[in-house]
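The primary structure of each chain is shown beneath.
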Amino acid sequence: MNVYEALASRRSVRDFLPTPVSGEVIRRVLQAAARSPSGGNVQPWHIDVVGGVRLDALKALMRERLQAVAEGKHHEDTEYDIYPKELIAPYRDYRFQLGEQMYAALGIPREDKAARLQWFARNYQFFGAPLALFCSVDRSMGPPQWSDLGMFLQSVMLLLREEGLDSCPQECWSVYPRTVSEFVGIPAQRMLFCGMAIGHANNDHPVNQFVSERAALAQFASFQGC
């Protein structure tokens, strides 16, 4: 698989098969992804991988957390805004369009808030994936180093495609920074950035059968002298 093929076939998978992912594969992928660029070669990423019985325990814990939140018995403060407080066009429109496409594929109408919340809760079960990772960053780092995290995680996702695996990057985990940090042992000087579900896509599930749209080249690029 070349890079063009890996990028074209990468998608945010939201339903996984229970097929295990070997520790050898994820170690190989992470070691290769360490060649990702970072300003000054500071390599700001820190990765915690969770699988097996530990992942089962985390999924069980998150079921308890979500129930406690629903009952008003649990709350955690997020440490960064996933989206700007005022998301303007066209970015707001892109996000809205994705939601409409996804819920249409699932057959969940806009007015069925309960069903939509129930579906969103599957984020915290990693959509059934057998392997998960969390990415954190030292609190002394700034926006340039956060962009380095994105380059590293993109490398991970493309390498996973070469290994025949799928993924779903999940910033939703930043809503539970205390729970995740305590569970996996992220020290206080590091901030949780995101999680990622890893496994084999269930291609029979309708949520994996729609392809999100992308803006045309002319909408985001301009060219001078070429």
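What counts as what
- Residues numbered from 1 in each chain as written.
- Predicted model: local features only at pLDDT ≥ 70, side-chain atom pairs only at ≥ 80, totals over all residues.
- Heavy atoms only, no water.
- Patch = residues over 30% accessible without salt bridge, like charges linked within 9 Å, V, L, I, M, F, W, Y side chains within 5 Å.
- Areas by Shrake-Rupley, 256 points an atom, 1.4 Å probe, with all protein chains shown as cover.
- Salt bridge = Lys/Arg side-chain N within 4 Å of Asp/Glu carboxyl O.
- Helix = DSSP H or I, 4+ residues; strand = E, 2+ residues; numbered from the N terminus.
- Buried < 20%, exposed > 50% of the residue type's maximum accessible area, 1.4 Å probe, protein only.
- Contact = heavy atoms within 4.5 Å.
- Phe/Tyr/Trp six-rings, centres within 6.5 Å; stacked < 30°, edge-to-face > 60°.
- Polar contact = N/O pair within 3.5 Å; in protein donor to acceptor, adjacent residues only side chain to side chain.
- Disulfide = S-S within 2.5 Å.
- Pairing = 2+ DSSP bridges.
- Axes fitted to C-alpha atoms, helices over the stretch in contact; angles between N-to-C directions.
- Arc of directions from axis to C-beta.
- Core = buried A, V, L, I, M, F, W, Y, C linked by side-chain atoms within 4.5 Å.

A.B. asks: Sorry, what's going on with a nonpolar patch on the surface here?
C.D. replies: A contiguous nonpolar patch, built from Ile88, Tyr91 and Tyr94 and spanning about 320 Å² of accessible area, is present on the exposed surface. Along the chain, Tyr94 falls in helix α4 (residues 91-106). The partly exposed category is assigned to Tyr94, whose relative accessible area is 35%.

A.B. asks: When you look at helix α7 (residues 177-184) in this model, what are you seeing that I'm missing?
C.D. replies: Within an α-helix, residues lying three or four positions from one another point in the same direction, as the helix has 3.6 residues per turn. Along α7, six of the eight residues are buried, which leaves the element largely enclosed by surrounding structure. Of the positions making up α7, those classed as buried are Pro177, Thr179, Val180, Ser181, Phe183 and Val184. Residues of α7 that are buried in the fold lie against β1 (45-51), α3 (52-70), β2 (131-138) and β4 (190-199). Just downstream of α7 lies Gly185, where phi reads positive at about 85°.

A.B. asks: What should I look at first to understand the packing of aromatic side chains in this one?
C.D. replies: The relation between two aromatic rings is expressed through the spacing of the ring centres and the mutual angle of the planes. Following the criterion strictly, the structure yields eleven aromatic pairs and no others. Ring centres 6.1 Å apart and planes at 35° place the aromatic pair Trp119 and Phe127 in the tilted group. What makes Trp119 buried here is its relative accessible area of 10%. Look at Phe127 and you get buried, because its relative accessible area is 1%. Ring geometry for Phe126 and Trp173: centres 4.7 Å apart, planes at 20°, overall stacked. Taken together, the residues span a long stretch of sequence, with Phe126 in the loop between α5 (113-120) and β2 and Trp173 in the loop between β3 (166-170) and α7 at a distance of 47 residues.

A.B. asks: In this structure, what is going on with the environment of Glu213? I would like to understand it.
C.D. replies: Structurally, Glu213 is set in the loop between β4 and α8 (217-220). The spacing of Glu213 and Pro187 is 26 residues in sequence and 38 Å in space, taken between C-alpha atoms. A distance of 3.1 Å separates the side chain of Glu213 from the side chain of Gln97, its partner in a polar contact.

A.B. asks: Would you mind showing me how to read the state of the cysteines here?
C.D. replies: Each disulfide is one covalent bond, formed between the sulfur atoms of two cysteines. For the structure shown, the criterion picks out zero disulfides. In this structure Cys172 is a free cysteine whose sulfur lies 7.8 Å from that of Cys168, the closest cysteine sulfur available. Here Cys172 falls in the buried class, since its relative accessible area comes to 10%.

A.B. asks: It is not clear to me how the sheet that holds β3 should be interpreted in this structure. Could you clarify?
C.D. replies: Two pairing modes exist for strands in a sheet, parallel and antiparallel, and in both the strands are linked by backbone hydrogen bonds. Here we have four strands laid out as an open sheet, ordered β1-β2-β4-β3, and antiparallel in their pairing. Looking at strand neighbours, the two that pair on one side only are β1 and β3, the edges of this open sheet. Here the average twist between neighbouring strands, direction ignored, is 25°. Looking at chain direction, β3 and β4 are connected through five bridges and run antiparallel. Each residue of the ladder has a partner; that of Asp166, found in β4, is Gly199. Where α7 meets the sheet, it contacts β1, β2 and β4, and its direction lies at approximately 75° from that of β1.

A.B. asks: Help me understand α5 in this model?
C.D. replies: Those residues of α5 lying buried are Ala115, Arg116 and Trp119. Angularly, the buried residues of α5 cover 100° about the axis, an arc narrow enough to put them on a single face. Along α5, exposed side chains directed more than 90 degrees from the buried face belong to Lys113, Ala114, Leu117 and Gln118. The secondary structure elements touched by the buried residues of α5 are α4.

A.B. asks: Please clarify how the nonpolar core should be interpreted in this entry.
C.D. replies: Soluble globular proteins: nonpolar side chains tend toward being buried together. Core analysis: the biggest nonpolar cluster contains 32 residues, and Leu58, Trp119, Phe126, Phe134 and Trp173 have the highest contact counts within it. Contributions of two or more residues to this core are made by α3, α4, α5, β2, α7 and β4. Setting aside residues no more than four positions away along its own chain, Phe126 makes contact with Phe16, Leu55, Leu58, Lys59, Ala132, Phe134, Gln170, Trp173, Met196 and Ala197. Counting 24 residues, the second largest nonpolar core, distinct from the first, contains Val21, Ala33, Leu153 and Met196.

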